[in-house]
Amino acid sequence: MTDQRGSLSLSDIAREAGVSLTTASRALNNSYGVSAATRDKVLATARRLDYVVSPDAVRLASGSRTQRVALVVPHVERWFFGEMVNGIETVLAAANVDLLLYQVGGPEDRQDFFSRLPARRKVDAVVVVAFPVDRVEQERLELMGVGIVAAGGQSAAYPYVCIDDYQAGRTAVDHLVELGHRRIAMIAAHDPDQPGWPMRSGRSEGYVDALAAAGVAVDNSLIRDVDWGGLNAAAAMDDIFDAAQGDPPTAVFAHSDELALGVMRTLRRRGMRFPEDISIVGIDDHPVAALTDLTTVRQSVREQGEIAARLILDVLNPVAGEGAPRAVTAPITLTVRASTGPVPNRTRPPAQATRDH
């Protein structure tokens, strides 16, 4: 049998797995009449040999495309990803394209997904949402010969849609600076399931540049970078105040509204009011932002999902999509609410923490 990937045929896979051509075909297409053990054996053989079901063969067998798109997300329980899925599904459903959702939370999930997908080619395109695609994963996707789109950030040369994270951070901190704030804390966050990818570093860069433009040096004692989550942000805010030694921040920039909610909890427990005692700004315009009067830099995640879906449709129909943009930067807007105001006149006693015991 040849070692060249492109020359592999279904007959090669059947012979290597020790099954008939019909059985191999049924196993790869998840059809009836094949035991689980046999299916696993055929799939393992296909993965080992990097066999990819021919797109032409799939179309000939079905008379058309699969009319399915794989959506790959690291989380399904978070608001951002739910909104993104909503937007993508709405547009694809209207185009009679089905969506297959895959959650790849950690490195092991991702490795399993990317090793299995090429051999079980059942989609016309893949959308990756807000996580990095490394070199090996890119090769696996390209091996499939299908369209690829990135949403909520991009790390490869695929069509993509995202916001300008730098501009989002700069807008948030510029707002605080214009209100007179100079002691501005920042709560940044990273996803522990996606190590090595500073997806939101642009927001931190916006913070640094906004301070520099105001002639303010960065004070690292006012910055914390935590695992994603409101409770971690709450603890980080406590830590900043405990280390402030009588010179606490007058404002806080949180990388997301959900982090800002954690900050708010800490401030309330310290008996502080916002914006009278301290101002807070986030990013996203999460539904709870309006309920809590949180000033935020709004992004429409659902709209980004709709744009990603249209990029996919353009990839699937290159003639109809000729001339369409391959990269879209979605708009952001500052939404000012009651959580931000001028620098407070601090005549009250220093705030003390009140925590759960």
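It should be noted that the structure appears before, not after, this text.
Bear in mind the structure is a predicted one, so any value in this text is a computation, not a measurement.

A tally of helices and strands in the protein chain yields 13 helices and 12 strands. Taking all 357 residues of the protein chain together, the buried fraction comes to 49%. Contacts in the protein chain between residues far apart in sequence, at least 24 positions, make up 75% of those at least 6 positions apart. Summed over all atoms, the accessible surface of the protein chain reaches about 16500 Å², with 49% contributed by carbon and sulfur.

Our next topic: the packing of aromatic side chains. Going through the model one piece at a time under the given rule, you end up with 4 aromatic pairs. When the ring of Tyr102 is compared with that of Phe113, the centres are 5.0 Å apart and the planes differ by 55°; the resulting orientation is tilted. Here Phe113 lies in helix 6 (residues 107-116) and Tyr102 lies in strand 2 (residues 98-103), a separation of 11 residues in the sequence. By relative accessible area, Tyr102 is classed as partly exposed at 28%. By relative accessible area, which is 7% here, Phe113 ends up buried. For the ring pair Tyr207 and Phe253, a centre distance of 6.4 Å and an interplane angle of 20° mean the geometry is stacked. With Tyr207 in helix 9 (residues 201-213) and Phe253 in strand 8 (residues 251-254), this pair connects stretches of sequence that are 46 residues apart. Of the two residues, Tyr207 and Phe253, neither departs from the other in class, the shared state being buried. Of the aromatic side chains, those joined through ring pairs into one cluster are Tyr102, Phe113 and Phe114.

Looking now at the pattern of salt bridges. Taken as a whole, this structure holds 15 salt bridges when the rule is applied. Note that Arg183 is salt-bridged to Asp247, the shortest N-O span being 3.5 Å. A residue pair is termed long-range when its members are at least 10 positions apart, and Arg183 in the loop between helix 8 (165-178) and strand 6 (184-190) and Asp247 in the loop between helix 10 (230-243) and strand 8 qualify at 64 residues. The class for Asp247 is partly exposed, based on a relative accessible area of 41%. Residue Arg224 is joined to Asp239 by a salt bridge in which the shortest nitrogen-to-oxygen separation is 2.7 Å. Remark: Asp239 occurs in helix 10 and Arg224 occurs in strand 7 (residues 223-227); sequence separation between them is 15 residues.

With that settled, the discussion passes to the pairing of strand 9 (residues 279-284). Within strand 9, 6 of the 6 residues are buried, which leaves the element mostly enclosed by the surrounding structure. Neither face of strand 9 is left uncovered, since the one carrying Ser279, Val281 and Ile283 and the one carrying Ile280, Gly282 and Asp284 both have all their residues buried. Pairing analysis gives 3 bridges linking strand 8 to strand 9, with the strands arranged parallel. Paired with Ala251 across the strands is Ser279, a residue of strand 9. Handedness of the crossover is the feature at issue here: the chain leaves strand 8, passes through helix 11 (residues 257-269), returns alongside strand 9, and the resulting connection is right-handed. The sheet contact formed by strand 9 and strand 10 (residues 295-299) spans 4 bridges and is parallel. Note that in strand 10 the partner of Gly282 across the bridge is Thr296.

This part is about the sheet that holds strand 7. Taken together, 6 strands build an open sheet; the order of strands is 7-6-8-9-10-12 and the sheet is mixed. Where the open sheet ends on each side, the last strands, each with one partner, are strand 7 and strand 12 (332-335). Ignoring strand direction, the axes of neighbouring strands in this sheet form an average angle of 15°.

Criteria and thresholds
- Residues numbered from 1 in each chain as written.
- Predicted model: local features only at pLDDT ≥ 70, side-chain atom pairs only at ≥ 80, totals over all residues.
- Heavy atoms only, no water.
- Helix = DSSP H or I, 4+ residues; strand = E, 2+ residues; numbered from the N terminus.
- Buried < 20%, exposed > 50% of the residue type's maximum accessible area, 1.4 Å probe, protein only.
- Contact = heavy atoms within 4.5 Å.
- Areas by Shrake-Rupley, 256 points an atom, 1.4 Å probe, with all protein chains shown as cover.
- Phe/Tyr/Trp six-rings, centres within 6.5 Å; stacked < 30°, edge-to-face > 60°.
- Salt bridge = Lys/Arg side-chain N within 4 Å of Asp/Glu carboxyl O.
- Pairing = 2+ DSSP bridges.
- Right-handed = clockwise from strand over helix to strand, strands pointing away.
- Axes fitted to C-alpha atoms, helices over the stretch in contact; angles between N-to-C directions.

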